Amino acid sequence: MVKTYAVIGDPIDHSLSPNIHNAAFKEMKMDCTYIAYKIPKEELLEGLESLKKINISGFNVTIPHKVEVMKYIDKVDEDCSLIGAANTISNENNVLKGYNTDMGGFLDPLHRRDIKVNDFQVLLLGAGGAARAIIAGLVKEDAKSIMIANRTRDNANSLAQFANKIGMSTEASLLNEIRDVTNYDLIINATSIGLKNESSPIPTKSIRKNSIVYDIVYNPMNTDLIKGAKEKGATIIYGYEMLLGQAIRAFEIWHKTKAPYEVMKKAVLGVF
Ligand code: NAP
C-alpha cells in the first residue's frame, strides 16, 4: 500500500518539503507520496483527525502549529520536549510521536563544514519558534556567548529566560539597537526579514571577513543580509541548508534508512 506523508501549516503553498521528499522517494524507488495540506490555525484538531483517517504515516508541521500540535500527540522525543515544539510527527499504529528536527537541521550545515561554535560569540536575530530551536542547538554545542536581538523586547527576554533555564546566560537587545557587529563570530538571522526582499535586519558594514553569516530565510536564497555578508567576504550558510538538514532527519525518522542528501539538495536548488 502507498504510504502518505504531509506537511501541515498555513500558508503552505510555498513549502519546498513536497519537492524534497518526493525527489527522495523517486530516487529510492519507494512507494510513498508527500503532500502539502493547508490547515488554518483554528482547525488543527479536525485536520489531525483527517490525517489519521487517511492513515498518514508521518507529517511535518510548520507555522502556526509547531507549539499547539504538542497538545494532541501521544509521545515526544527529548529535543521536542526541551524546545516545546514539534516539526516532525510519526504515526505508528495510530500513536503520534513528535520530534524536533529544526535543532539538528540548524546544526547540520555547521557540522558539514566542521565548524565548532564553542569559542564563538553569537548574535542571534529573532526570538520566535525557529530561534528557540537554534538556542537549544547553540547551548548543546556550548557556544561561548549569545546576544539575542529582536523587534519586540519581551520576546527577546523570554527567549533569554529559556536559554538561562537550559544552561546558558544570554543578553537580549532590540534589533534596531544593533549597529556594530565586529565582535561576533557567528551571526544568525532567524527573523522573517528577507522573505519579502526587505533590507538586511542589521547594518552589514562591520561584518568581518572571518565571521560566519547564517540566514535561515531560504526563499529568496540570496537575502539582502547574505548579499552584504558576501561583499565583506564572510562565510555564508544558506537557509536552504537548514531546511535540508531538518528534512533528512525527518526522512530518517520515518523510513529508518539514510536519506539521499544530494538528490534532496538538487530538488531544493532546482526551485530557485
Ligand atoms: P515566528 O515564530 O513567527 O518568529 C518570527 C520572528 O521574526 C520573530 O522574532 C519576529 O519578531 C520577527 N519578525 C517578524 N516580522 C518582523 C519585522 N517586520 N521586523 C522585525 N522582526 C520581525 O517564525 P519562525 O518559525 O521563528 O520563523 C522565522 C523565519 O525563519 C521564517 O522566515 C521562516 O520561514 C524561517 N525558517 C526557516 C527554517 C529553515 O529550515 N531554513 C526553519 C524554520 C523557520 P517579534 O518577536 O517582534 O514578532
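Relevant structure appears above.
Here the structure is a predicted model, which is why all the values come from computation and not from measurement.

(A) The packing of helix 1 (residues 17-27) against helix 8 (residues 239-255), seen in detail. Contact pair helix 1 / helix 8: the axes reach a minimum separation of 10 Å and the direction vectors enclose 50 degrees. On the basis of the axis angle, helix 1 is oblique to helix 8. Pair helix 1 / helix 8 crosses with right-handed handedness. The residues of helix 8 that touch helix 1, namely those facing Ile20, His21, Ala24 and Phe25, are Leu243, Leu244, Ala247, Ala250, Phe251, Trp254 and His255. For the contact of helix 1 with helix 8, a count of residues per class yields nine nonpolar, two polar and no charged.

(B) Spatial organisation of the layout of surface pockets. Volume-wise, the largest pocket comes out at about 1300 Å³. For the largest pocket, the lining is made up of 45 residues, of which Ile63, Lys66, Ala130, Ser192 and Ile216 are closest to its centre. If you list the elements that add at least two residues to the lining of the largest pocket, you get strand 3 (58-61), helix 5 (129-140) and helix 8. Taken together, the residues of the lining of the largest pocket sort by class into 22 nonpolar, 19 polar and four charged. When we break the lining of the largest pocket down by domain, the ones giving at least three residues each are domain 1 (3-100 + 242-269) and domain 2 (103-237). Taken as a whole, the second largest pocket spans an internal volume of roughly 160 Å³. Along the wall of the second largest pocket there are 13 residues; nearest its centre are Lys3, Tyr5, Ser57, Asn91 and Glu92. Going through the elements one at a time, strand 1 (3-9), strand 5 (88-92) and helix 8 are the ones with two or more residues in the lining of the second largest pocket. If you tally residues by element for the lining of the second largest pocket, the top one is strand 5, at three residues.

(C) Focus on the environment of Lys256. Relative to the assigned elements, Lys256 resides in the loop between helix 8 and helix 9 (261-269). Judged by relative accessible area, Lys256 falls into the exposed class, the value being 62%. Residues Lys256 and Ile207, spaced 49 residues apart in sequence, show a C-alpha to C-alpha distance of 41 Å. Excluding anything up to four places from it in sequence, Lys256 contacts Glu92 and Phe251. Within the structure, Lys256 has its side chain in polar contact with the side chain of Glu92 (distance 3.1 Å).

(D) Representation of the sheet that holds strand 11 (residues 212-215) within the structure. Reading across from one edge, 9-8-7-10-11-12 is the order of the six strands in this open sheet, with parallel pairing throughout. Strands at the two margins of the open sheet, each flanked by one partner only, are strand 9 (171-174) and strand 12 (235-237). When strand polarity is set aside, the average angle formed by the axes of neighbouring strands in this sheet is 20 degrees. Note: strand 8 (residues 145-150) against strand 9, four bridges, orientation parallel. Bridging from a neighbouring strand, Asn150 pairs with Leu174 of strand 9. The sheet contacts of helix 4 (residues 102-112) involve strand 10 (186-189), strand 11 and strand 12, and relative to strand 11 the element is tilted by about 145 degrees.

(E) Spotlight on the sheet that holds strand 3. Taken in spatial order, the six strands make up an open sheet running 2-1-3-5-6-4, and their pairing is mixed. A single partner strand is all that each edge strand has here, and the edge strands are strand 2 (32-38) and strand 4 (75-76). Two strands pair when backbone bridges link them, and strand 1 and strand 3 are joined in this way by four bridges, in the parallel orientation. Opposite Ala6, over in strand 3, you have Phe59 as the bridge partner.

(F) Seen up close, the packing of aromatic side chains. Throughout the structure, instances matching the rule amount to six aromatic pairs. Relative to Tyr240, the ring of Tyr238 lies with its centre 5.9 Å away and its plane at 20 degrees, an arrangement referred to as stacked. For Tyr240, a relative accessible area of 8% puts it in the buried group. Put simply, the rings of Tyr5, Phe25, Tyr34, Phe251 and Trp254 pair up and form one aromatic cluster. Stacked on the ring of Tyr261, the Lys or Arg Arg112 has its end atom at 3.7 Å from the ring centre. A cation sits over an aromatic face here: Arg132 above Phe162, 4.0 Å from the ring centre.

(G) The site of the ligand, seen in detail. Neighbouring the ligand are 23 residues; Ala130, Asn150, Thr152, Asn155 and Ile216 lie closest to it. Gly129 places a main-chain nitrogen or oxygen 2.9 Å from an oxygen atom of the ligand. In this structure, Arg151 approaches the ligand through a side-chain N or O atom, which is 2.9 Å from an oxygen atom. Surface burial for the ligand is 77%, taken as the share of its 910 Å² of free accessible area covered by protein chains. The pocket occupied by the ligand, as judged from atoms lying within 2 Å of grid points, is the largest pocket. Secondary-structure elements contributing two or more residues to the shell around the ligand are helix 5 and helix 8. In terms of residue count, the dominant contributor to the shell around the ligand is helix 8 (three residues). Across the shell around the ligand, the residue classes break down as twelve nonpolar, nine polar and two charged. Mapping the shell around the ligand onto the domain boundaries places at least three of its residues in each of domain 1 (3-100 + 242-269) and domain 2 (103-237).

Conventions and cut-offs
- Within each chain, residue numbers correspond to sequence positions counted from 1 in written order.
- Thresholds applied to this predicted model are a pLDDT of at least 70 for local features of residues and 80 or more for the giving and counting of side-chain atom pairs; totals over whole chains, interfaces and linings are not thresholded and use all residues.
- Just so you know, side-chain values use all the structure's heavy atoms and leave hydrogens and water out.
- Here the axes come from fitting lines to C-alpha atoms, over the contacting stretch only for helices, and the angles between their N-to-C directions go from 0 to 180 degrees.
- Under the DSSP-based scheme used, a helix requires at least four consecutive residues in state H or I and a strand at least two consecutive residues in state E, with every element numbered from the N terminus.
- Angles below 35 degrees are treated as roughly parallel, those above 145 as roughly antiparallel, those between 65 and 115 as roughly perpendicular, and all remaining angles as oblique.
- Note on convention: the crossing is left-handed when the near helix lies turned anticlockwise from the far helix by less than a right angle, right-handed when the turn is clockwise.
- Note on definitions: a residue-residue contact is assigned when non-hydrogen atoms from the two residues lie within 4.5 Å.
- Asp, Glu, Lys and Arg are counted as charged, while Ala, Val, Leu, Ile, Met, Phe, Trp, Tyr, Cys and Pro are counted as nonpolar; the rest, among them Gly, fall into the polar class.
- Lining residues are those with an atom within 4 Å of a point, where the points come from a 1 Å grid over the protein atoms alone and group into cavities, where a 1.4 Å probe fits but cannot get out, or pockets, open sets with protein on both sides within 12 Å along at least five of seven lines.
- Grid points are joined across faces, edges and corners, and a volume is the space filled by probe spheres set on the points.
- Domain ranges listed in this record stem from an automatic or a database domain assignment.
- Exposure classes here rest on a 1.4 Å probe applied to the protein chains alone. A residue is buried below 20% of its type maximum, exposed above 50%, and partly exposed in between.
- Nitrogen and oxygen atoms within 3.5 Å of one another constitute a polar contact, given that in protein one can donate a hydrogen and the other can accept it, and given that sequence-neighbouring residues count only through two side-chain atoms.
- At least two DSSP bridges between two strands are needed for those strands to be called paired.
- For Phe, Tyr and Trp, where Trp contributes only its six-membered ring, two rings pair if their centres lie within 6.5 Å, and the inter-plane angle classes them as stacked under 30 degrees, edge-to-face over 60, or tilted in between.
- By the criterion adopted, a ring carries a charge over it if an Arg CZ or a Lys NZ lies within 6 Å of its centre and within 35 degrees of its normal.
- Proximity is defined per residue: if any heavy atom of the residue lies within 4 Å of a molecule or strand, that residue is considered near it.
- Using a 1.4 Å probe, the Shrake-Rupley method yields the accessible areas, and only the shown protein chains count as cover for residues.
- A molecule is said to be in a cavity or pocket once over half of its atoms fall within 2 Å of that pocket's grid points.

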